[in-house]
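Chain by chain, the residues:
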Amino acid sequence: MEALRAGKQMNNNQMNNNNNDASEFDYVIVGAGSAGCVLANRLSADGKHSVLLLEAGPRDTNIWIHVPLGYGKLFKEKTVNWMYQTEPEPGLDGRQVFQPRGKVLGGSSSINGLLYVRGQHEDYDRWRQRGNIGWGFDDVLPYFKKAENQTRGADDYHGIGGPLSVSDWRHADPLSEAFVKAAVEAGIPFNPDFNGATQEGTGFFQTTTRRGRRASSAFSYLRPAKGRGNLHIETSALAQRLVFEGRRARAVEYRQNGALRTARARKEILVSSGAYNSPQLLQLSGIGPAGLLKTHGINVVLDAPGVGNDLQDHLQVRIVMRCAQRVTLNDVVNHPVRKVMAGMQYAALRKGPLTIAAGTSGAFFKTDPRLATPDIQIHFIPFSTDKMGEQLHPFSGFTASVCQLRPESRGSLKIKSADPSVPPEIRINYLAAETDRTAFIDGIRILRKILAAPALKPYAVGEVDPGPKVASDDELLDFCRRTGSTVYHPTSTCRMGNDPLAVVDQRLRVHGIEGLRVVDASVMPDLMSGNTNAPTIMIAEKASDMILEDAR
Ligand SMILES: Cc1cc2nc3c(=O)[nH]c(=O)nc-3n(C[C@H](O)[C@H](O)[C@H](O)COP(=O)(O)OP(=O)(O)OC[C@H]3O[C@@H](n4cnc5c(N)ncnc54)[C@H](O)[C@@H]3O)c2cc1C
């Protein structure tokens, strides 16, 4: 009731026309990331609607964006990265976990690890089972296919002719192949396609690349559309708050080159700022937990306690192995001649070690045979570092990480200030749930069996981290707490659903507000069992259809 009253009043989020630089579009999209670029393309395609795309970061001119292995260079590159940190995480010995997020055209799809993994059919059927009509696997598969240009060709699960190029790795690597053979020897079946009939098994990852270059959503969706007269793209434009007339979202106030500007939306505002910035923007605009907003002096447009709630992320724990042969990327990078040759090979052919994504081969398996589907994903990579994004080891080494696919731990995102430039408070609560802790302990044990299998014997000469002495449940859990880190998949902070904590409905409209949708990874009802870029692009493809249908 209080929120209702507040919503009818004029407040500091409402149109006051106190700046004279206002412009008007049919749709205003906030954030040019994985989702925002899809919306910009699809909504401007028929030429009938004017679209403004606002992006806080710059254009994607940094050369490392376009080289697959360049993600290592962008990990802590503040010109294209929000570089967030969690609060001290109680389940990780009070450590703060670094959270890179893309701040550039293409968003996180411009700095991510390029793996194309959709998750399990059952993830989407679970979304549907939670009451989200239209989000079951059979409903979303057409959108995965619509987005896709699969270089292997079309089949029941894959599409061709879509904007997003999906390719096999352009490099023959004996170590990555040995990992797959070792996993088969350890009892995990070979799976030629993690995005096909079933996810379970071991095999090679496909990537969002086109002829050896990154296929970000900016490259795939924005580039083909940017010449359209009805699509306006503004970079270095930080949306500060949404502006309401009563309960209708009317405009976005943004700061660009020091000036405060306002863009009005005739039809809708689409918030696609990602799982951290979308709930932040809603809270700054008066949509969020009333108590939190009042603490920061923000007038409540809608008391929506679910905004920022239910934050989930994939944790990963990495095992580093010493390699007996000089076949790792460490050996290339640490050898001046091999390093130059790798550069030349990439420049001439777009092949070789510079095309390595965040995993080459991997596996999906169950830690408990009673489970219906895999609960663990392994990312195998033929190099090693102390921490992600840091220098490669001086010795030959490789890494295999355990990632738990469906964490039960839940966190939250809250603004710390009414000032839009202040990063939000991020709490993920990794390893808070018993199921999560057990899955990691069991997952590491199964991974160790793979690493000890015959096919890897010629390569694996010893575990560097954590080392064989770390063996009991307590020791393994302690290792997870000391070293566990994110796989960069935050979701569900503006969750879709019909319950009191759900933020958007099944058409991604913000409950209780008109003219406003959230379209990005934050709307996932829960974290799916895979990597989040392809699912976010699918969500935006489906949202585009819904938005255009509703405009008729
Ligand atoms: C280092 C890293 C590695 C990853 N590896 C993989 C992988 O291998 N495979 C995979 O599938 N997924 C991976 N992911 C995750 C995946 O990329 C993301 O889940 C996905 O890109 C999220 O898309 P989004 O549209 O929700 O948000 P984003 O792509 O992050 O887009 C949000 C955009 O909104 C902009 N923005 C935010 N706030 C504002 C504001 N106030 N005003 C204007 N603009 C704003 C941001 O700058 C950004 O461009 C990785 C992510 C990272 C960071």
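Our subject in this report is the structure included herewith. Here the residue numbering is sequential within each chain, running from 1 through the sequence in written order. Per-residue local features are limited, in this predicted model, to residues with pLDDT of at least 70; the limit for side-chain atom pairs, both in listing and counting, is 80 or more; totals at the level of whole chains, interfaces and linings are taken over all residues. As a convention, hydrogens and water are excluded, and side-chain values are obtained from all of the structure's heavy atoms.

1. Focus: the packing of aromatic side chains
For any pair of aromatic rings, the description consists of the separation of the ring centres together with the inter-plane angle of the planes. Stacked, tilted and edge-to-face are the three classes applied to pairs of Phe, Tyr and Trp rings, where Trp contributes its six-membered ring and a pair requires centres within 6.5 Å; stacked means planes under 30 degrees apart, edge-to-face means over 60, and tilted covers the rest. Throughout the structure, instances matching the rule amount to 12 aromatic pairs. When the ring of Phe194 is compared with that of Phe205, the centres are 5.3 Å apart and the planes differ by 55 degrees; the resulting orientation is tilted. Of the two residues, Phe194 is situated in the loop between α6 (174-185) and β8 (201-204) and Phe205 in the loop between β8 and β9 (206-207); the sequence distance between them amounts to 11 residues. Classification of Phe194 as buried rests on a relative accessible area of 3%. With centroids separated by 4.8 Å and ring planes inclined at 75 degrees, the aromatic side chains of Phe194 and Phe364 adopt a geometry described as edge-to-face. Placement of Phe194 in the loop between α6 and β8 and of Phe364 in strand β19 (residues 361-365) is noted, with a sequence separation of 170 residues between them. In this structure, Phe194 and Phe364 share a single accessibility class: buried. Put simply, the rings of Tyr124, Trp127, Trp135 and Phe144 pair up and form one aromatic cluster. Our definition puts a charge over a ring when NZ of Lys or CZ of Arg is within 6 Å of the ring centre and also within 35 degrees of the ring normal. Over the face of the ring belonging to Trp82 we find Lys103, whose NZ or CZ atom lies 4.4 Å from the ring centre. Just above the ring of Trp135 sits the side chain of Lys542; from NZ or CZ to the centre is 5.2 Å. Secondary structure elements follow DSSP: runs of H or I of four or more residues count as helices, runs of E of two or more count as strands, with numbering from the N terminus. Each residue is placed in one exposure class: buried if its accessible area under a 1.4 Å probe, protein chains only, is under 20% of its type's maximum, exposed if it is over 50%, and partly exposed if it falls in between.

2. Topic: the packing of helix α5 (residues 137-147) against helix α14 (residues 533-551)
Here α5 crosses α14 at 100 degrees, and the two axes come no closer than 9 Å. Taken as axis vectors, α5 and α14 run roughly perpendicular relative to one another. The segment α5 lies against α14, with Val140, Tyr143, Phe144, Lys146 and Ala147 engaging Ala534, Pro535, Ile537, Met538, Glu541, Lys542 and Asp545. As a working rule, the residues Ala, Val, Leu, Ile, Met, Phe, Trp, Tyr, Cys and Pro are called nonpolar, Asp, Glu, Lys and Arg charged, and the rest polar, with Gly in that last group. Among the residues making up the contact of α5 with α14, the classes are represented as 8 nonpolar, no polar and 4 charged. To obtain each axis, a line is fitted to C-alpha atoms, and for helices this fit is confined to the stretch in contact; angles are then taken between N-to-C directions over 0 to 180 degrees. Angle categories: roughly parallel below 35 degrees, roughly antiparallel above 145, roughly perpendicular from 65 to 115, and oblique for all the rest. Any two residues whose heavy atoms approach within 4.5 Å are treated as being in contact.

Without other data, these values stay purely geometric and don't point to any function.
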